[in-house]
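# Secondary and tertiary structure notes
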Amino acid sequence: MPDQFDETYKIRPTFQDNPGNLKKQRFVEDEQKRRQSQLADRPSNIAYFESILYNRDFSRKNVPWVGYFCNMIPQEIIRALGAQPIRVDCGNAAAAQVGEEVLSGDICPLAKASFGMFLNDKSLENFCDILVLPASCDAKRKLGQIMNDYKPTFMYNIPPEQNHSLYAHNTFSETNRLVAFLEKKLDAKLSGKELRRQVRLSHQRTLLIRDLQEARIHKPQAISMSDFFIIIQSSLFRPVDLEEWIEQTRQVCKQIQDYSPARKSLRPRIVLTGAPIIWPNYKVINLLEESGADIIADTLCTGAQSLFDPPMTDEWSKQSLIRALSNRYVYAAICPCFISQTTRINRVIDLCETSGATGVANYSLRLCQLFDMENYRLERTLKEKKIPAFTIRTDYSLEDTEQLRVRIEAFLETL
Ligand code: SF4
């Protein structure tokens, strides 16, 4: 298989020894950890999930790591090849600052922060052996070739629209191309038996996330959205033993189901939609919850939505599973990089109806043009459906926190 990138102008990776910025990155994380620790009604085993997400000791790595971006790369295939999938999108405001020093221009904070982590040669991201990026937004498309200077990188081409009858064949062959790349770089052969095992584990994770979401809809007081995000993101953004994670999450689910609140919550019930929220940048979740809202569901590619759809198949042969995984990861994705936004709008309306939400909070990440462009139709459609909605437009920095708080409180009062 020929290399994907023309390496004529390949350059040596840039690293920056910047102790001041690393200190800032730790500060941003510590600040969010402090907020989490002050929450009431946390699951009794939340320390398990925190220990994974907060972990910074990666010295005991015993399998290859495959770093991937976005929510369209089948983790089951990576696991079945004996490697650890790690989502390397980053939410650290300080990492965005250091990324910006090298990647100049009006680039979205997520891309800058993710790249910023690679500037530290001892970061978790640099422990990855290979990288996989979907050609989703413009920033990711161009980031691929830059990342290829750091690690062997595969760009996974996704179709421009979620038209299954038009593009299913392309998606399937693209996933087979990914399998061939991974097999070559990991020096491993994908076995049907192991892939079946991983798909079954993935089904269990999906069912648990659905159960947790359902339980939260009825008793949002039982666990905050930020703790729910810690649980979800600990299984995506850090090395994790998925079977152990499933066992621990089952316990959380049981605790929420057994939880009996002293009284019914009268707080406004919000569906959160929009751009990805990634540890430790939980600013928007913090603000909504601290201002008195219960976030009962989300459509984020880093929240419950990211694990909501299981791969569907009646056939369990290796090729059928690869086909099912391509369909699940591409055609169920609620990413604005596809031309029609019907999937996202349908999901928001459906969540509002099924969860009894009183309003929608739409998080628009500054410099992410995809979400900005989607606001036009989303805001008008929700207004037409008489669903109160509010767009929170911000970036990773914490400077506008109090200004946003005032606006969010004003919105919640109208509910
Ligand atoms: S919204 Fe789409 S492009 Fe942005 S991080 Fe999520 S999956 Fe990737």
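Thresholds, definitions, all that
- Residues numbered from 1 in each chain as written.
- Predicted model: local features only at pLDDT ≥ 70, side-chain atom pairs only at ≥ 80, totals over all residues.
- Near = placed C-beta within 6 Å.
- Nonpolar A, V, L, I, M, F, W, Y, C, P; charged D, E, K, R; others polar.
- Buried ≥ 20, exposed ≤ 12 C-beta atoms within 10 Å, placed from the backbone.
- Helix = DSSP H or I, 4+ residues; strand = E, 2+ residues; numbered from the N terminus.
- Contact = placed C-beta atoms within 7 Å.
- Pairing = 2+ DSSP bridges.
- Right-handed = clockwise from strand over helix to strand, strands pointing away.
- Axes fitted to C-alpha atoms, helices over the stretch in contact; angles between N-to-C directions.

## Some points on the site of the ligand
- Around the ligand sit Cys70, Asn71, Asp89, Ser136, Cys137, Lys140, Pro276, Cys301, Cys335 and Cys337, and those are all the residues in its vicinity.
- Looking at the shell around the ligand residue by residue, the class counts come to six nonpolar, two polar and two charged.

## Structural notes on helix H5 (residues 109-118)
- For H5, the tally of buried residues reaches 10 of 10 residues, placing the bulk of the element in the interior.
- The complete set of buried residues in H5 reads Pro109, Leu110, Ala111, Lys112, Ala113, Ser114, Phe115, Gly116, Met117 and Phe118.
- Tucked inside the fold, the buried residues of H5 contact helix H4 (93-102), helix H6 (138-147) and strand E7 (359-365).

## Remarks on the pairing of E7
- Across the seven residues that make up E7, a large majority, six, are buried.
- Where strand E5 (residues 269-274) and E7 come together, five bridges link them in parallel fashion. By the bridge assignment, Leu272 is partnered in E7 with Ala361.
- Pairing of E7 with strand E8 (residues 389-394), which is carried by six bridges, proceeds in the parallel orientation. Across the sheet, the residue bridging to Ser364 is Arg393, located in E8.
- Each parallel crossover has a hand, and for E7 linked through helix H14 (residues 369-384) to E8 it is right-handed.

## With respect to the sheet that holds strand E1 (residues 65-68)
- Spatial strand order, E2-E1-E3-E4: four strands in an open sheet with parallel pairing. If you trace the sheet from one side to the other, it starts and ends with strand E2 (84-87) and strand E4 (153-156), each paired once. Strand-to-strand, the axes of this sheet are offset by a mean angle of 25 degrees, without reference to chain direction.
- Bridge count for E1 against E2 is four bridges, and the pairing is parallel. Bridge pairing in E2 links Trp65 to Gln84.
- Relative to the sheet, H6 contacts strand E3 (130-134) and E4, its axis offset from that of E3 by approximately 165 degrees.
- Helix H7 (residues 164-186) rests against E3 and E4 of the sheet, and its axis sits at about 170 degrees to E4.

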